[in-house]
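Chain by chain, the residues run as shown.
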Amino acid sequence: MGYYDREGRINKSFETEIRRRIHYGGVVQEIRSEVWKYLLGVYKFGMNLEERTVINIEKRTQYNAVKSQWTSISAEQAAKFRLYRERRDAIEKDVPRTTDLIDSPYIRDSKEVALNLSTLFEILLSYSMYNFDTSYVQGMNDLCGVILMIMGDDSETFACFVGLMNEFALNFEEEQNGMNVQLNYLQQLVALLDPELFNFLSEKNSINMYFCYRWILVLFRREFSFDTITRLWDVLWAKYLTRNFHLFLCIAILEKHKHEMMVMNLSFDGILKYVNNLSGKMELEPLLVEAELLYHRFTILNTKPELKSFFSN
């Protein structure tokens, strides 16, 4: 990247500008694997080449150590380790459904598909050992599968996935505390930014915003193509305007379709079906523009310190 100095360091003074450029222009595919390491906290701005090399070695060592925790489990041990079997079986079930490792334009042949599926299985099972409390939950495969296709390396994918989960692991907890918090803030945003939509959803018993659950859980992965989702994740992970920009994107989508949903007078189930049917039918760039406009409206209208804190960057 052009911001590196002679020692391979990106000066921390450039960080805000870099995040701004990523937010508005995205990242070219050729350097995305390097950029995501910064955005997901594997690298820190200010590290030189030697320091990043050390980090890569440490992350490889860490991944191998975590992986060895389950590769060393014998069949006899596994037969007496119910939690391990449950996690392994859940991952084995979900990994073949990870479309990014099957349909991606960057995959050359069936052998590469098989290798990627095997690698994803190993990364997710390793993560379940690394974070035993959260373990593995369906949807993690969608997130990690995209990261694997970008990074092309198991230990680097694991490091980036850990960085992502450090922020979003609460979304996958059994108590769903993380999801409930975000849905609650989304509800407050709708009330502030679009009272008409808020009233419509209230009348339809949909103000809990559960129809947005999938969008938030897997960061819109199932709504957009591979190339589009990587562009969106560039924006979300850059955190230029706010670390919760994805919630403004939710409202941008709903506002675009609000009139049609109201004219159709959709019920609770009808709203859920309508929203799910948007998958693969949305154009991202206009939605990003609208989401930013909504964010700026929020900064003008909001008077609640709690909301201001939650939507800081």
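Above this text is the structure in question.
Q: So what's going on with unusual backbone geometry? Which residues, and what values?
A: A positive phi angle is found at Gln 176, which is not glycine, with a value near 60°. Looking at the secondary structure, you find Gln 176 in the loop between α9 (154–168) and α10 (177–193).

Q: Could you give an account of α9, naming the residues involved and the relevant values?
A: The terminal C-alpha atoms of α9 lie 20 Å apart, and with 15 residues this matches the ideal 21 Å at 1.5 Å per residue to within 8%. Counting buried residues in α9 gives twelve out of 15 residues, a clear majority hidden from the surface. Within α9, burial applies to Asp 154, Ser 155, Thr 157, Phe 158, Ala 159, Cys 160, Phe 161, Val 162, Gly 163, Leu 164, Met 165 and Phe 168. Residues of α9 that are buried in the fold lie against α2 (29–39), α3 (49–71), α7 (110–130), α8 (140–151), α13 (226–238) and α14 (245–263).

Q: Kindly report on the packing of aromatic side chains, identifying the contributing residues and their values.
A: What the rule picks out here adds up to 22 aromatic pairs. Judged by centre distance (6.0 Å) and plane angle (70°), the ring pair of Tyr 24 and Tyr 240 falls under edge-to-face. On the criterion of sequence distance, the pair formed by Tyr 24 in helix α1 (residues 15–25) and Tyr 240 in the loop between α13 and α14 is long-range, its members being 216 residues apart. Under the relative-accessibility criterion, Tyr 24 is labelled partly exposed at 40%. Plain terms: the ring middles of Tyr 63 and Phe 158 are 5.1 Å apart, the flat faces sit at 50° to each other, and that makes the pair tilted. Here Tyr 63 is found in helix α3, whereas its partner Phe 158 is found in helix α9, with 95 residues between them in sequence. Considered together, Tyr 63 and Phe 158 belong to a single accessibility category, that of buried residues. Chaining the aromatic ring pairs together yields one cluster made of Tyr 185, Phe 248, Tyr 295, Phe 298, Phe 310 and Phe 311. Here the basic side chain of Arg 52 rests over the ring of Tyr 43, its NZ or CZ set 5.7 Å away from the ring centre. In this structure, Arg 87 is placed above the aromatic ring of Phe 132, and the distance from its NZ or CZ to the ring centre is 3.8 Å.

Q: Before we move on, can you summarise the side chain of Asn 244 with the specific residues and values?
A: Among the secondary structure elements, Asn 244 is positioned in the loop between α13 and α14. A polar contact of 2.7 Å, which involves the side chain of Asn 244, links it to the backbone oxygen of Phe 310. When neighbours within four sequence positions are excluded, Asn 244 is seen to be in contact with Gln 182, Phe 310 and Phe 311.

Q: I'd like to hear about the packing of α14 against helix α16 (residues 284–301), residue by residue, with values.
A: It is the contact of α14 with α16, at a shortest axis distance of 8 Å, that shows an interaxial angle of 110°. With respect to α16, the axis of α14 lies roughly perpendicular. Along this stretch, α14 crosses α16, giving a crossing that reads as right-handed. Contacts between α14 and α16 pair Phe 245, Phe 248, Leu 249, Ile 251, Ala 252, Ile 253, Glu 255 and Lys 256 from the former with Leu 287, Leu 288, Glu 290, Ala 291, Glu 292, Leu 294, Tyr 295 and Phe 298 from the latter. Residues belonging to the contact of α14 with α16 are distributed by class as follows: twelve nonpolar, no polar and four charged.

Q: Could you give an account of the packing of α2 against α13, naming the residues involved and the relevant values?
A: Packed helix pairs are specified by the crossing angle of their axes together with the interaxial distance, meaning the distance between the axes. Running from N to C, α2 and α13 cross one another at 30°; their axes reach a closest spacing of 10 Å. Regarding the angle of α2 to α13, the classification is roughly parallel. For the element pair α2 and α13, the recorded crossing hand is left-handed. Counted together, Arg 32, Trp 36 and Leu 39 of α2 and Thr 230, Arg 231, Trp 233, Asp 234, Trp 237 and Ala 238 of α13 form the full contact between these two elements. Each residue belonging to the contact of α2 with α13 can be placed in one class, and the counts come to five nonpolar, one polar and three charged.

Q: Hey, could you go over the nonpolar core for me, with residue numbers and the actual values?
A: Nonpolar side chains tend toward joint burial in soluble globular proteins. Among the nonpolar cores identified, the biggest contains 107 residues, and Met 165, Met 209, Leu 232, Trp 233 and Trp 237 are the most heavily contacted of them. Ignoring anything within four residues of it in the chain, the contact list for Leu 232 reads Leu 219, Phe 220, Phe 224, Leu 249, Leu 284 and Leu 288.

Q: Could you give an account of the environment of Glu 285, naming the residues involved and the relevant values?
A: Considering the arrangement of structural elements, one finds Glu 285 in helix α16. Here Glu 285 falls in the partly exposed class, since its relative accessible area comes to 39%. Sequence-wise, Glu 285 and Leu 232 are 53 residues apart; in three dimensions their C-alpha atoms are separated by 9.0 Å. Within the structure, the side chain of Glu 285 is placed 3.0 Å from the side chain of Arg 231, a separation counted as a polar contact.

Q: Could you give me a rundown of the side chain of Thr 134, with the residues and numbers involved?
A: Examined against the element boundaries, Thr 134 turns out to sit in the loop between α7 and α8. Not counting the four nearest positions on each side in its chain, Thr 134 is found in contact with Met 140, Ala 169, Phe 172 and Glu 173.

Cut-offs applied
Residues numbered from 1 in each chain as written. Predicted model: local features only at pLDDT ≥ 70, side-chain atom pairs only at ≥ 80, totals over all residues. Heavy atoms only, no water. Helix = DSSP H or I, 4+ residues; strand = E, 2+ residues; numbered from the N terminus. Expected span 1.5 Å × (residues − 1). Buried < 20%, exposed > 50% of the residue type's maximum accessible area, 1.4 Å probe, protein only. Contact = heavy atoms within 4.5 Å. Phe/Tyr/Trp six-rings, centres within 6.5 Å; stacked < 30°, edge-to-face > 60°. Lys NZ or Arg CZ within 6 Å of the ring centre and 35° of its normal. Polar contact = N/O pair within 3.5 Å; in protein donor to acceptor, adjacent residues only side chain to side chain. Axes fitted to C-alpha atoms, helices over the stretch in contact; angles between N-to-C directions. Parallel < 35°, antiparallel > 145°, perpendicular 65-115°, else oblique. Left-handed = near helix turned anticlockwise from the far one by under 90°. Nonpolar A, V, L, I, M, F, W, Y, C, P; charged D, E, K, R; others polar. Core = buried A, V, L, I, M, F, W, Y, C linked by side-chain atoms within 4.5 Å.

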